[in-house]
Amino acid sequence: MSTETQEHDPLLAHQFEDVEQQTDSYVLGMWVFLVTEVLFFGGMILAFILYRNMYFPAFAEAHQKLDWRLGGVNTIVLLTSSFTMAMAVWASQKRDYGKQLMFLTITVLCALAFLVIKYFEYSAKFEHHLVPGTNFHFDGQNQNGVQLFFGLYFALTGLHGFHVLVGVLVIGVLMFRVWKLRKQEQDYVPTELVGLYWHFVDIVWIFLYPMLYLLGGVHI
Amino acid sequence: MSAVAEPKTEKNYLNVDYSIKSWLTTLDHKRIGILYLVAITIFFMVGGFMALLIRTELATPQGDLLSSDQYNRAFTMHGVVLIFFFLLPSTPAVLGNFLLPIMIGARDVAFPKLNLASWYAFMIGGTLGVISLVLGGIDTGWTFYAPYSSNFSNTPVVWAIAGAFVAGFGNIATAVNFIVTIHKMRAPGLTWFRLPLFVWAQYATAVIGVLGTPVIAITIFLVAFERLTGMGIFDPARGGDPILMQHLFWFYSHPAVYIMILPAMGVTSEMIAAASQKRVFGYEFVAFSSLAIAIIGFLVWGHHLFVSGQSVFAGLVFSVLTFIVAIPSAIKTFNWVATMYKGNLQMNTPMFWAVAFLGLFLIGGLTGLFLSSLATDIHLHDTYFVVAHFHYIMVGGAIIGFIGGLHFWWPKITGRMYPESWGKAGAIMVFTGFSLTFLPQFVLGQLGMPRRYHTYPEEFQILHVLSTGGAYLLGFAMTTIIVYLAWSAKYGKPAPPNPWKAKGLEWETPSPPPTENFTYKVVVTEPAYNYHKDSGGHH
Amino acid sequence: MHGHISSPATFIKTFIILLILMAVTVLVATKDLGWLNTPIAMAIAICKTAFVVLFFMGLKYSSRLSQVWAGVGLLFFIILIGLTIPDYLTRHDLPGWSE
């Protein structure tokens, strides 16, 4: 990384004094933004904890309605995408833009695979009348608890899925930028910031997977 | 005073480009501050009109002007508009945007594009809120309590929720921007303990914005989700728990009161220091009390749930924690008074506003202690006592601080002086009108008048008529202020760089400042409020 | 943070550890350990998160300020649940709260 600071560095925005200040500001800004994301999902996770304790038998029953295999595949897919994202940041720091684009492509493909699997899971829930609302139907005495479980399931995975979708778009824009400027020296910070966001999306899933799929027990 | 002879020669942020496009695409923090000012003034007038509707209805014991349904909509829209679209962005987004980078000697905030985006998010949110108003207004109360808001109300709740949700993104963006700006953009030599207290207050405010706003976002998202899908996360009929909604709501909305009052406290510190020509007494204590309020403010939300079905144990814990938050507030108040003591007092307009703030905030804060006592609150909960208490904080504190700050920095923002006698008259009228409106409400509440009713027993009429009269005086005073400030922006006397002989980087640059804020490289070598060296002011 | 570039070897090691932890959490879920089910699953998730945050996100090598802010996020999430749950635990007479 270059430490010298020129007066008219093309990579330096006008409000900053030097590249170090600029890099620090962007990275700190991203971390502060991720703090807001922690509390955004935190509110729903609190609701999940409380209702799971209130309706323990119902939640145990509802866990079984989710396919831990599909969730597990999705976990592996997202972990892989996180790994390739980290490698893309590394390639960007090494100014190897060909490798960077390759790693970003794998990341996007993983993200899309995640969404496709999620789509199949969702449509199965619709078929089995497990989507809360007028269409919901569940036999037995745990009806309220099961509906709450699936309400939180769709709210949590829906917002997480939305974050994945946003990630796909942002990585797409980043790839276009890297490709367009591949002949020049580029700042690695945009990749670093997208990477931080993407790893956060992965972390959310790291918690959602055991919470939603595994806590009721798994039968192989 | 050469500025009088040739006012147009120097380029500043206002005369650099006059086109509408240059304003709507500006990345200049000063212009974005002005954009916010124009937008929130409109929302202020809408919310103020609702207030007058409410007070007019309450002039008589019968429900003759508004039906109960219309009354519900009027007080809900009053709250929604003034809290989400006026108070939350008021001091941070207007004065903070304008002043923060100048006070720390920077050319701009860390992320200018994000700053502009936050204004557009605010405008989209505001537009959604206005749509809910045009569709008839909502009747849930500004708190959106479920399950009424989610499964029962027949009003356009989702529009208002969407508005508050999107405007929340604007608040988060501004908060992230300020945090990074204060950490990373300070001029050489400007250490944390040389920062003006306004900057400390803005930092504490931004911390609350970042930590709290996402929680209310998810809360009202779930309410809207419940309303749209018909599931029952907060509906007890379907197994949900409405008290959870209140926990989540107040986790943000109680600290949000500090989002409103902390920046006003920062403004007050600046005004009192300048008008006393003295360093703020106990600078470090005032600075840290801002952070203490921000953090302790997150531990007290349960005092809104004392009679909601929260456990008695939790009520006790929250009651004790609420008492603690009074300590940093009291530290500030004592230190402001100590700053004035033996100061070279300038009885100018900003000082009038600062004194009004001190008195009203004191009453608002102390009545808060009544309400944080469990047993007293059972009697006073949901009465006019509560209404009066939070208006003392949010109007007597936050709005008076904001308008005072607007007067203090108006010469810097517009390059023009407002008429001083009008400024003082405005402060006196606001103080009188406000006190007349809300002092009787403490009595009403203690006598048992509940909030959110449009009819009442005849024996309460005299107090209600006093309150309504005060509200009209307050409305008249606010209109007067808007008119003379707007007038002075064009026709006022040109302002010198430092009309108050105040200390601070913003007073060392021309009025109005150039686009890049300073024409020289800022290096700070002295502490904040360094008045003692030349107590008669410098130059 | 300046000048620090994590090596691909670090990322590969982290990735493998994450996959192993993922397998462990599924295997543990096949056994019924009674009240330990939830704490173990959450402990593994926290462990995985720590690896992602420290190495993939590079918090280990980030500025102190970023580390503090990451900690603040965690702290306030704990405050949110830590002050809400006691209300529910002490609300014995609430119907449905029997577990």
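The structure contained in this document is the topic of the report that follows. What you are looking at is a predicted structure, and each value in this text was computed from that prediction instead of being measured.

In this section: the environment of Asn144(A). Mapping Asn144(A) onto the fold places it in helix H5 (residues 143–180). For Asn144(A), a relative accessible area of 31% puts it in the partly exposed group.

Turning our attention to the interface of chain B and chain A. Counting residues at the interface gives 38 residues for chain B and 35 residues for chain A. Summing both partners gives a buried area of about 2,900 Å² for chain B against chain A, and 72% of it is carried by carbon and sulfur. When residues of chain B are sorted by the area they lose upon contact with chain A, Arg107(B), Lys184(B) and Ile218(B) head the list and together hold 19% of the total. Inspection of the chain B/chain A interface yields three salt bridges. Here Lys184(B) and Asp24(A) are joined by a salt bridge, their closest N and O atoms 3.5 Å apart. Looking at the side of chain B that touches chain A, the elements with two or more residues in it are helix H8 (157–184), helix H9 (197–229) and helix H10 (242–276) of chain B.

Attention now moves to the pattern of salt bridges. Across all of its chains, the model carries 13 salt bridges over all chains by this definition. For Asp69(B), the salt bridge is made with Arg73(B), and the minimal N-O distance between the two is 3.3 Å. With Asp69(B) and Arg73(B) both in helix H4 (residues 68–87) and four residues apart, this pair spans about one turn of that helix. Connected via shared salt-bridge partners are Glu17(A), Arg107(B) and Lys521(B).

Tallying each qualifying case throughout the model produces 63 aromatic pairs over all chains. Between the aromatic rings of Phe83(A) and Phe15(C), the centroid separation amounts to 4.7 Å while the plane-to-plane angle is 10°, which identifies the pairing as stacked. Taken together, the residues Phe83(A) in helix H3 (residues 68–93) and Phe15(C) in helix H1 (residues 8–30) connect one chain to another. Accessibility assignment for this pair places Phe83(A) and Phe15(C) in one class, buried. By way of ring pairs, the aromatic residues Phe48(A), Phe59(A), Tyr122(A), Phe126(A), Phe149(A), Phe150(A), Tyr153(A) and Phe154(A) are connected into one cluster. The ring of Tyr88(C) carries Arg91(C) above its face, with NZ or CZ at 4.1 Å from the centroid.

How each quantity is defined
All chains use their own residue numbering, which begins from 1 and follows the written sequence. Going through the entries in the order they are written, you letter the chains from A and number the ligands from 1. The model is predicted, so local features are restricted to residues of pLDDT at least 70 and side-chain atom pairs to those at 80 or more, both for listing and for counting; the totals for chains, interfaces and linings are taken over all residues. To obtain the side-chain values, all non-hydrogen atoms of the structure were included, while hydrogens and water were left out. For helices the rule is a DSSP run of H or I covering at least 4 residues; for strands it is a run of E covering at least 2, with both sets numbered from the N terminus onward. Buried, partly exposed and exposed residues are distinguished by accessible area as a fraction of the type maximum, computed with a 1.4 Å probe on protein chains only: under 20%, between the cut-offs, and over 50%, respectively. The contact definition used throughout considers only heavy atoms, calling two residues in contact when any of these lie within 4.5 Å. As used here, buried area is the combined drop in accessible area, with a 1.4 Å probe, of two parts when they are placed together. Between Lys or Arg on one side and Asp or Glu on the other, a salt bridge is scored when a side-chain nitrogen of the former is within 4 Å of a carboxyl oxygen of the latter. Stacked, edge-to-face and tilted are the three classes for Phe, Tyr and Trp ring pairs, Trp counted by its six-membered ring, which pair at centre distances within 6.5 Å; planes under 30 degrees apart are stacked, over 60 edge-to-face, the rest tilted. Definition used: whenever NZ (Lys) or CZ (Arg) falls within 6 Å of the ring centre and also within 35 degrees of the ring normal, the charge is taken to sit over that ring.

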